[in-house]
Amino acid sequence: MGCGHKDDKANVASSQIASFSHQPHQPPSTPASKEVWKKGGRMFSILLAVHLALLACTLVSSGAFEKIAVHDYDVFFLLTVMMLMVIIWIIFYLVGTSRCPDAILCKDSHAGPVWLRGGLILFAIFSLVMDVFKIGYYSSFYSCLSAIKIIYPIVQAIFVVVQTYFLWISAKDCVHVHLNVTRCGLMLTLTTNLAVWMSAVTDESVHKAHSKLKKNVTEEIFRWLLKAGMRSSSAEECNCNSHICQIFKNGYFWLYPFNIEYSLFASAMVYVMWKNVGRFIDHHSHHIHHLKFRLFRRTFFVGIVLGLIILVSGLGVLILYEVQVNSSTESSKKSQALTMYYIFNIVCLGLMSLVCIGGSVIYRFDKRDMDRHKNPTRTLDVALLMGAALGQYAISYYSIVAIVASTPRDAISALNLTYALLMIAQHTFQNIFIIEGLHRQPPKEDHKHDSHQKDLYGLTFVNINAVSLRVPDSGSTLAPSTASGTEAIHPSDLVRTLTAPKKMNWRRKFLREISMFLLLSNIILWIMPAFGARPQFDNDTELNFYGDSMWPAIVDICLPFGIFYRMHAVASLLEVYIMS
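Conventions used here
Numbering of residues starts from 1 in every chain and runs along the sequence as written. This being a predicted model, a pLDDT of at least 70 is required before a residue's local features are given, and a value of 80 or more before pairs of side-chain atoms are given or counted; all residues contribute to the totals for chains, interfaces and linings. The basis for every side-chain value is the complete set of heavy atoms in the structure, and neither hydrogens nor water enter the calculation. Helix numbering and strand numbering both begin at the N terminus, where a helix is a DSSP run of H or I of at least 4 residues and a strand a DSSP run of E of at least 2. A simple rule labels every residue: compare its accessible area, found with a 1.4 Å probe on the protein chains alone, to the largest value its type can have, and call it buried under 20%, exposed over 50%, or partly exposed in between. The contact definition used throughout considers only heavy atoms, calling two residues in contact when any of these lie within 4.5 Å. Values of accessible area rely on a 1.4 Å probe in the Shrake-Rupley scheme; residue burial ignores everything except the protein chains shown. For every residue, the pLDDT score states the predictor's confidence, bounded by 0 at the bottom and 100 at the top. Interaxial angle, 0 to 180 degrees, is taken between N-to-C directions of lines fitted to C-alpha atoms, where a helix line uses only the stretch in contact. Here the word oblique covers every angle except those under 35 degrees (roughly parallel), over 145 (roughly antiparallel) and from 65 to 115 (roughly perpendicular). Rotating anticlockwise by less than a right angle from the far helix to the near helix defines a left-handed crossing, while the corresponding clockwise rotation defines a right-handed one. A pairing counts as a salt bridge when a side-chain nitrogen of Lys or Arg comes within 4 Å of a carboxyl oxygen of Asp or Glu. Helix span, expected: 1.5 Å multiplied by one less than the number of residues in the helix. The angle between axes fitted to the seven residues ending at a residue and the seven residues starting there is what we call the bend at that residue. Planes of paired rings set the category: under 30 degrees apart is stacked, over 60 is edge-to-face and the rest tilted, where pairs are Phe, Tyr or Trp rings (Trp by its six-membered ring) whose centres lie within 6.5 Å. When the NZ atom of lysine or the CZ atom of arginine is within 6 Å of a ring's centre and also within 35 degrees of its normal, the charge is said to sit over that ring. Patches here: salt-bridge-free residues with over 30% relative accessible area, like charges joined within 9 Å, nonpolar side chains (Val, Leu, Ile, Met, Phe, Trp, Tyr) joined within 5 Å. Criterion for a disulfide: a pair of cysteine sulfur atoms at a distance within 2.5 Å. To form a nonpolar core, buried Ala, Val, Leu, Ile, Met, Phe, Trp, Tyr and Cys residues must be joined to one another through side-chain atoms within 4.5 Å.

Notes on the overall build of the chain
Phase 1: Of regular secondary structure, the chain possesses 20 helices and 2 strands.
Phase 2: When burial is assessed residue by residue, the chain has 50% of its 580 residues classed as buried.
Phase 3: At a minimum sequence separation of 6, the contacts of the chain that also span at least 24 residues come to 88%.
Phase 4: With the model as given, the accessible surface of the chain reaches about 28000 Å², and the carbon-plus-sulfur share is 66%.

The following block contains the structure:
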């Protein structure tokens, strides 16, 4: 496999790069674009992605109902074909770029940070465990199931392994060969991940609905309702009586949230790669910051301790909620569980809102410059934060309208109203804090005055006049050092140097405490709805107001975006923590 034929401007760009290397004293500039019509290549790949996404969305949504002649194995067949195509393209990409020395001329230092790739690997491991559980579950019914039901998790496991390796080594690439093919391949990969995400969200929602329906009706009525219009997996028609079969069935449904987050994380990383195709980066204006993750240094531990208290308390609330709501039919226990859930979330969201406001106030005193350089990763982070928050906004506003318009009102309704209002406030204040933190430049250490600072900090006295005696004036004495490139320093500058680190330290420490507290709080707020604590389905106010069909549909559509928002906020807050 060769490097392929490049456009004519590619050679021009290469010659420009070569000319820069022979002119060391000339200020570097970014080479011109290598494509005649860059937007045309992007447009073609976007159109391909839109058509594939619409096709997958149509099949997934149609397969959610029994009356429509689209079965779940039709959906699995399409997803299997798409994943196989992506695997083939990834192999083509890896082989093609490895054989062509000019394939990757530069890398985007902001794309694919190590904590994002580490999170991707963590979700990939759980996704592989889920696929193993699926294979074991479907293998119990191989005699009464379509073969695609067993082939699909096998292909998905291979897809997860290949894609994770691909993103780990290639997330920072700025490719300059096979541009249109690369764009189309990346859009195919992105669309495949979104299609797998849609399928997983639909399967999980249907499973939740079946579980609640089974708890309230007998087995005969449940079978009749499945035939009347609800989606029933073909595995529902087979008997799963063995203990190992039940373990496989319950296991892979509990692991669905990890697979959902994996698909979304991979989609975000692939999109950044797509934006970087054909991109030249001027490393003189594209600052590369080598930041070190120090978790237990330069911190008061207040944010970590308080966040851990919230995390552990939330886990306890989740366990009690699952036991009292899903395992009990008594209305009193259900009311107690909802009250406990709302009180915990009100306290947590209130603290998070206050902390975010405090962080925004601290940023007003931060003297760091704003980073205005082009950064597709940061642009995507901001867009995902703002877009994913719309899901929780929608649920909250629907809840507010239902609570205000409904009568009578009880204590749970008041708690639900407070919870919805605080959810809107917390998302808004947290987005402001994160976005402002992402646009701040990391702290820079001044290497010019290191010798002066060491000399200054080594003094056994702090007399300003004594300090001024050790520093020459800006007269003839400084001329040689100035000519040699050393900057002249006055006593007032040295005094500011003495006091500046203290001001910077308290700001950075407080920002780190805030970021760590918000990070741990977002983790528990992701865990609770992802693993079954969903009061939207257990509170009768919204169900009675909007009906049994409209309200579940609203929650099923909006809640996955709210869950993704929490996990994406965790990744963004980790970046803010490291950059503080």
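From this point, the narrative continues.
A short note on the confidence of the model for the chain
The predicted coordinates of low-pLDDT regions are not to be read in fine detail.
Phase 1: Here the chain averages 77 in pLDDT, while 72% of its residues score no lower than 70.
Phase 2: Averaged over each element, pLDDT in the chain is lowest for helix H16 (residues 479-483) (42) and highest for helix H5 (residues 148-170) (94).
Phase 3: Predicted confidence for residues 284-291 stays below pLDDT 50, and this span has 17 contacts to residues more than four positions away or in other chains.
Phase 4: Long-range and interchain partners of residues 497-504, a stretch whose pLDDT sits below 50, account for 6 contacts in this model, where long-range means more than four residues apart.

A look at the packing of helix H3 (residues 72-99) against H5
Phase 1: In the contact formed by H3 and H5, the axes pass within 9 Å of each other and the chain directions differ by 30°. Here H5 runs roughly parallel to H3, going by the angle between their axes. H3 and H5 meet at a crossing whose hand is left-handed.

Overview of the pattern of salt bridges
Phase 1: Across all of its chains, the model carries 4 salt bridges by this definition.
Phase 2: One salt bridge connects Asp 540 with Lys 334, and the closest N-O pair in it is separated by 3.8 Å. Here the residue Asp 540 occupies a position in helix H19 (residues 540-546), and Lys 334 occupies one in helix H11 (residues 331-364), the gap between them amounting to 206 residues.
Phase 3: What makes Asp 540 partly exposed here is its relative accessible area of 42%.
Phase 4: Overall, Lys 334 belongs to the partly exposed group, its relative accessible area being 25%.
Phase 5: A salt bridge links Arg 364 to Glu 436, with the shortest nitrogen-to-oxygen separation between them at 2.2 Å. You can see Arg 364 sitting in helix H11 and its partner Glu 436 sitting in helix H13 (residues 411-438), a full 72 residues away along the chain.

Let's talk about helix H12 (residues 376-405)
Phase 1: In a regular helix each residue adds 1.5 Å, so 30 residues correspond to 44 Å; H12 covers 44 Å between its end C-alpha atoms and thus fits that length.
Phase 2: Where H12 bends most, at Gly 391, the angle is about 25°.

Some points on the packing of aromatic side chains
Phase 1: Counted under the stated rule, the structure contains 29 aromatic pairs.
Phase 2: Here Trp 197 and Phe 561 contribute two aromatic rings whose centre-to-centre distance is 5.6 Å and whose plane-to-plane angle is 70°, an arrangement assigned as edge-to-face. Of the two residues, Trp 197 sits in helix H6 (residues 179-216) while Phe 561 sits in helix H20 (residues 550-579), which places them 364 residues apart along the sequence.
Phase 3: Put simply, the rings of Phe 123, Phe 126, Trp 254, Phe 258, Phe 265, Trp 526 and Phe 531 pair up and form one aromatic cluster.
Phase 4: Arg 42 extends its terminal NZ or CZ atom over the ring of Trp 274, reaching a point 5.4 Å from the ring centre.
Phase 5: It is Arg 117 that lies over the ring of Trp 168; its NZ or CZ is 4.5 Å from the centre.

So, a nonpolar patch on the surface
Phase 1: Nonpolar side chains collect at one region of the surface, where Val 114, Ile 121, Ile 125, Val 129, Tyr 165, Trp 168 and Ile 169 lie side by side and expose about 610 Å² of accessible area between them.
Phase 2: Of all the secondary structure elements, the ones that give two or more residues to the nonpolar patch are helix H4 (114-139) and H5.
Phase 3: Considering every element that reaches the nonpolar patch, the biggest residue donor is H4, with 4 residues.
Phase 4: With respect to the helices, strands and loops of the structure, Trp 168 is situated in helix H5.

Considerations on unusual backbone geometry
Phase 1: Look at His 178: it is not a glycine, yet its phi comes out positive at around 50°.
Phase 2: Considering the arrangement of structural elements, one finds His 178 in the loop between strand E2 (173-175) and H6.

Section: the environment of Ile 554
Phase 1: Within the element layout of this structure, Ile 554 appears in helix H20.
Phase 2: For the pair formed by Ile 554 and Gly 391, sequence separation is 163 residues and the distance between their alpha carbons is 9.4 Å.

Points about the side chain of Asn 276
Phase 1: Its location among the elements puts Asn 276 in the loop between helix H9 (256-275) and helix H10 (302-326).
Phase 2: Judged by its relative accessible area of 0%, Asn 276 is buried.
Phase 3: With near-sequence residues (within four places) excluded, Asn 276 lies in contact with Asp 108, Ala 111, Asp 173, Cys 174, Val 175 and Pro 376.

Let's talk about the state of the cysteines
Phase 1: The full count for this structure, using the stated rule, is 0 disulfides.
Phase 2: The thiol of Cys 174 is not disulfide-bonded; the next cysteine sulfur, from Cys 106, is found 4.2 Å away.
Phase 3: Residue class for Cys 174 comes out buried when judged on its relative accessible area of 0%.

Re the nonpolar core
Phase 1: Core analysis: the largest hydrophobic core is formed by 139 residues, its most contacted members being Phe 433 and Trp 526.
Phase 2: Here the element with the most residues in this core is H20; it accounts for 17 residues.
Phase 3: Among residues more than four places away in sequence, those in contact with Phe 433 are Cys 356, Gly 359, Ser 360, Tyr 363, Leu 511, Ile 514, Ser 515, Leu 518, Leu 573 and Val 576.

A closer look at the side chain of Ser 572
Phase 1: The residue Ser 572 is located in helix H20 in this model.
Phase 2: The residues contacting Ser 572, other than those within four sequence positions of it, are Asp 381, Leu 385, Ile 434 and Leu 438.

Observations regarding the environment of Ser 170
Phase 1: Here Ser 170 is to be found in helix H5.
Phase 2: For Ser 170, a relative accessible area of 3% puts it in the buried group.
Phase 3: As a C-alpha pair, Ser 170 and Val 270 span 100 residues in sequence and 9.7 Å in three-dimensional space.

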